[in-house]
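For reference, the chains in residue letters:
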Amino acid sequence: MPLCNPEEAAPKVLVPEKLSPDGLVLLRSSLDVDERKGLTADQLLEIIPNYDALLVRSETKVTATVLRAARRLKVVARAGVGVDNVDVEEATKLGIVVVNSPSGNIGAAAEHTIALMMSMSRKIPEACASLKDGKWERSQFVGVEVKGKILGIIGLGKVGLTVARLAKGLGMTVNALDPYASPAVAGSASVNLVASLPELLSSADFLTIHTPLIASTRGMIGQAELAQMKPGARILNVARGGTIDEEALLTALDSGHLAGAAVDVFTSEPPAIGSTAASLIAHPRAVVTPHLGASTVEAQENVSVDVCEQVLEILQGSLPRSAVNAPLILPEEYQKLQPFVRLVEKMGSLYTQHYATLPGGSMTRNTFDLIYQGEIASINNTKPLFAALIKGLMAPISSSEGININIVNAELVARERGIFVSEQHSRDPADHSSYSSLVTLVARPPSRTSSRAPASVETATGSKQAKSQRIISGTCSGDSLLITRLGRFEASFEPEGTLLICENYDSPGKIGVVGSILGQAGVNINFMTVAPVSPKLGFGDLDMKLSKDGHTDLAAKDERSSLQEALMILGIDGGVPPHVTGDLVKEGGVLTACAVTL
Ligand SMILES: NC(=O)C1=CN([C@@H]2O[C@H](COP(=O)(O)OP(=O)(O)OC[C@H]3O[C@@H](n4cnc5c(N)ncnc54)[C@H](O)[C@@H]3O)[C@@H](O)[C@H]2O)C=CC1
Ligand SMILES: O=C(O)C(=O)COP(=O)(O)O
């Protein structure tokens, strides 16, 4: 699918950090890639409104303020694992997809951990510096071996497990603490899962952290925890600054309780002059690197290609494979859903535009059944359809404060707006018409009383109950969309462009009357179709099931005979002047008229 119309400017991608060209080259053929290293926070805030995608590593702080200012932004791609520099919650609210590269740099981070452990245990950085300084000080740099020692790992995820396997190869015993780790996976790597942090701390000769920085891991190793470690033990952090309290670590090194620390990551990067982290860096028993865990040629190629491919997918309207804040959907399922996503969005928009203009309209009904029948019913993951419905319902009545409603934030938006959708799958072929798939949107009435109107209020043209039906059905054939039912009328029209929908008495001359009013107003008619009252007002078995639950207000079958109205749907060139719909309903026999744009 092309990323943009050749007439339009290509979507813009901002890359404020060093990213491997291997991924960027994939973007350049269809996107406008802007590499702007060294931007200040203020500069980023100033230019971000111009971009559709933002590619970062760990240095760029993608704050709520940046995201709110980013009016066009569809995706933040983190070329790496940790997304703690991105306000994912705010991105979710705004419908901005956040993707990462969950496995591109695992090997690099694990190897760096082992490199730091060996450097620390054999005092390689100090020995190297001394020798370069012209000295030959062999006796000062006697180290310890790791073989036969116990390595304690906090966080047995992708990096932790790789470190464990490498450490096993070095002859270490590996203990690990991870409440979410699989005992089978740990067992297969010969890792002993321990039950508590004190157990891990008190047994380890080397302790290494491989958790994300989240609420439960922030400051997880403080003064009390360091005190539980063996005297002379060594600690490593190649995960995130903030998991170990830097002040407490400095004290433990100063006191000699810990023999060494190897640190790649800091609470603030780069650490401020005079900060605790700066003192830690300067400490003679600390081996430090400036967040280099992922800095290998191979890892950078991997993460760059991984996220750039995802940026392309997202800007093409597909779902990414590693979204941090969107549900996982298999590509083949997504492919099947695509035309229905368009259909359901149009049905939602048609619902709001059509019913909000009816007498007593407005979006007073906020509880919907979305019913999938036929082949579409076999797809279980219908999150894109749910999102499309919310988007369609909201689009005509809300600017949504610039929020792009999509699969990322649809549930949140629906909750905030008090919209409830019950999705129902009916796989029974008897439940739907001749269409291979049918999607039906039913708005439940505001209360049971209004849906159970007594027979005495029926008019000559049908029951109040039947008239109050708010049902839209539709189907897809290839890429073509078709509305097959609107309220109690059996329709057959494409939900595209501007449509004038008139409900009228099904009597001769109506078409001429409508045509002449439109002609006088200079409105050009493209096509016209008439929708009679549906001979099948409900959904057969499904209809009955729903009615028993009191969910819907579908009409009873014996009400059909008295209904003599029809729906006239006219495709219009351009818009319909507001007075035209008013003029139409003043005409005898035209009951309602509304213009919708789909
Ligand atoms: N220094 C560097 O350049 C790099 C750092 N990293 C960092 O390494 C960390 C881990 O990365 P991955 O292994 O890929 O992530 P992962 O998600 O595969 O593994 C994290 C593990 O931590 C565990 N965990 C979470 N909370 C825990 C707790 N309270 N106690 C014990 N375990 C807990 C989880 O169950 C999971 O198994 C991330 O923070 C990432 O940002 C990753 C790559 C490079
Ligand atoms: O992937 C991660 O979590 C990392 O910490 C790597 O960070 P970087 O991309 O090297 O700034």
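Residues numbered from 1 in each chain as written. Chains lettered and ligands numbered in written order. Predicted model: local features only at pLDDT ≥ 70, side-chain atom pairs only at ≥ 80, totals over all residues. Heavy atoms only, no water.

By the naming in an unreviewed UniProt entry, the protein chain goes by D-3-phosphoglycerate dehydrogenase and is assigned to Penicillium cinerascens. Word for word, the UniProt comment on the protein chain under Sequence similarities (unreviewed entry) is "Belongs to the D-isomer specific 2-hydroxyacid dehydrogenase family." (UniProt positions renumbered as here; feature names shortened; annotations may be inferred.)

Moving on: the overall build of the protein chain. A count of helical and extended segments in the protein chain gives 21 helices and 22 strands. For the protein chain, with 598 residues in total, the buried portion stands at 52%. Across the protein chain, contacts joining residues at least 24 apart in sequence account for 70% of those joining residues at least 6 apart. Roughly 26,500 Å² of accessible area belongs to the protein chain as shown, and the carbon and sulfur atoms make up 54% of that amount. (Helix = DSSP H or I, 4+ residues; strand = E, 2+ residues; numbered from the N terminus. Buried < 20%, exposed > 50% of the residue type's maximum accessible area, 1.4 Å probe, protein only. Contact = heavy atoms within 4.5 Å. Areas by Shrake-Rupley, 256 points an atom, 1.4 Å probe, with all protein chains shown as cover.)

Before going further, it helps to spend a moment on the site of ligand 1. Taken together, 28 residues are adjacent to ligand 1, and K158, V159, D178, V238 and D264 come closest. Taking T211, its main chain carries an N or O atom lying 3.0 Å from an oxygen atom of ligand 1. A distance of 3.0 Å separates a nitrogen atom of ligand 1 from a polar atom in the side chain of D264. Compared with its free state, where it exposes 860 Å², ligand 1 has 88% of that area covered by protein. Looking at the shell around ligand 1 residue by residue, the classes come out as 14 nonpolar, 10 polar and four charged. (Near = heavy atom within 4 Å. Polar contact = N/O pair within 3.5 Å; in protein donor to acceptor, adjacent residues only side chain to side chain. Nonpolar A, V, L, I, M, F, W, Y, C, P; charged D, E, K, R; others polar.)

This paragraph deals with helix α14 (residues 331-356). Here α14 spans 36 Å end to end across 26 residues, near enough to the 38 Å set by a 1.5 Å rise per residue. Maximum bend of α14: about 45°, positioned at L337, with proline P339 one to four residues after it. (Expected span 1.5 Å × (residues − 1). Bend = angle between axes of the 7 residues up to and from the residue.)

Among all positions in helix α21 (residues 578-586), only V580, T581 and L584 are buried. Along the axis of α21, the buried residues cluster in a sector spanning 95°; they form a single face. Opposite its buried face, α21 presents the exposed residues P578 and K586, each directed more than 90 degrees away. Turning to α21, the residues buried within the fold contact β19 (498-505), α19 (510-520) and β22 (590-597). (Arc of directions from axis to C-beta.)

In the contact formed by helix α1 (residues 21-28) and helix α13 (residues 297-315), the axes pass within 7 Å of each other and the chain directions differ by 20°. Between α1 and α13, the angle is such that the two are roughly parallel. As for the relative orientation of α1 and α13, their crossing is right-handed in sense. Touching D22, G23, L24, L26 and L27 of α1 are E301, S304, V305, C308, E309, V311 and L312, all from α13. Split by residue class, the contact of α1 with α13 holds seven nonpolar, two polar and three charged. (Axes fitted to C-alpha atoms, helices over the stretch in contact; angles between N-to-C directions. Parallel < 35°, antiparallel > 145°, perpendicular 65-115°, else oblique. Left-handed = near helix turned anticlockwise from the far one by under 90°.)

With that settled, consider the sheet that holds strand β15 (residues 437-443). Spatial ordering of the open sheet is given by β14-β13-β15-β16-β17-β18, a layout of six strands whose pairing is mixed. Among the strands making up the open sheet, the edge pair consists of β14 (420-426) and β18 (489-493). Within this sheet the neighbouring strands show an average axis-to-axis angle of 20°, counted without direction. Pairing of strand β13 (residues 367-374) with β14, which is carried by seven bridges, proceeds in the parallel orientation. What sits directly across from L370, in β14, is E423. Packing of α14 onto the sheet brings it into contact with β13, β15, β16 (471-477), β17 (480-486) and β18, and relative to β16 it is tilted by some 155°. (Pairing = 2+ DSSP bridges.)

Let's shift gears to the site of ligand 2. What surrounds ligand 2 is the set R57, S58, R78, A79, G80, V81, G82, N105, R240, H291 and A294. Within the contact set of ligand 2, an oxygen atom lies 2.8 Å away from a backbone nitrogen or oxygen of G82. Protein contacts shield 91% of the accessible area of ligand 2, which totals 310 Å² for the unbound molecule.

Before going further, it helps to spend a moment on the packing of aromatic side chains. Each aromatic ring pair is specified by the distance between its two centres and by the angle formed by the two planes. The tally for this structure, following the rule as stated, stands at two aromatic pairs. Between Y351 and Y355, the aromatic rings sit 5.0 Å apart at their centres with planes inclined by 45°, giving tilted as the arrangement. Here Y355 and Y351 lie together in helix α14, a separation of four residues that amounts to about one turn. A relative accessible area of 1% means that Y351 is categorised as buried. When the centroid spacing of 5.2 Å and the interplanar angle of 90° are considered together, the rings of Y351 and F368 count as edge-to-face. Of this pair, Y351 sits in helix α14 while F368 sits in strand β13; the two residues are 17 residues apart in sequence, bridging distant segments of the chain. Summarising the burial analysis for this pair, Y351 and F368 share the class buried. An aromatic cluster is present here, built from Y351, Y355 and F368 joined pairwise through their rings. (Phe/Tyr/Trp six-rings, centres within 6.5 Å; stacked < 30°, edge-to-face > 60°.)

Another point: the side chain of T217. Tracing the chain through its elements places T217 in the loop between β9 (206-209) and α10 (223-227). If sequence neighbours within four positions are ignored, T217 has contacts with T211, P212, G242 and T243.

A separate point is the pattern of salt bridges. Taken as a whole, this structure holds 19 salt bridges when the rule is applied. Note that D84 is salt-bridged to R240, the shortest N-O span being 2.9 Å. Note that D84 is positioned in the loop between β4 (75-78) and α4 (88-94) and R240 in the loop between β10 (233-237) and α11 (246-254), a separation of 156 residues in sequence. Overall, the relative accessible area of 40% leaves D84 in the partly exposed class. Residue classification places R240 among the buried positions, given a relative accessible area of 12%. Look at the salt bridges and you will find they share partners, linking D306, E309, E313 and R321 into a network. (Salt bridge = Lys/Arg side-chain N within 4 Å of Asp/Glu carboxyl O.)

Moving on, we get to a nonpolar patch on the surface. On the surface, a cluster of nonpolar side chains totalling about 300 Å² of accessible area is made up of I511, I525, M528 and V530. Broken down by element, the nonpolar patch gets its largest block of residues, three residues, from strand β20 (residues 524-532). Considering the arrangement of structural elements, one finds M528 in strand β20. According to the relative accessible area criterion, M528 is partly exposed, its value standing at 32%. (Patch = residues over 30% accessible without salt bridge, like charges linked within 9 Å, V, L, I, M, F, W, Y side chains within 5 Å.)

Let's shift gears to the nonpolar core. Counting residues in hydrophobic clusters, the biggest one holds 75 residues, and the most contacted among them are L27, L55, V311, L350, I390 and V439. Sort the elements by how many residues they give to this core and α14 lands first, with 10 residues. Other than its neighbours up to four places away in sequence, L350 contacts Y355, I472, I483, L486, F493, I501, V596 and L598. (Core = buried A, V, L, I, M, F, W, Y, C linked by side-chain atoms within 4.5 Å.)

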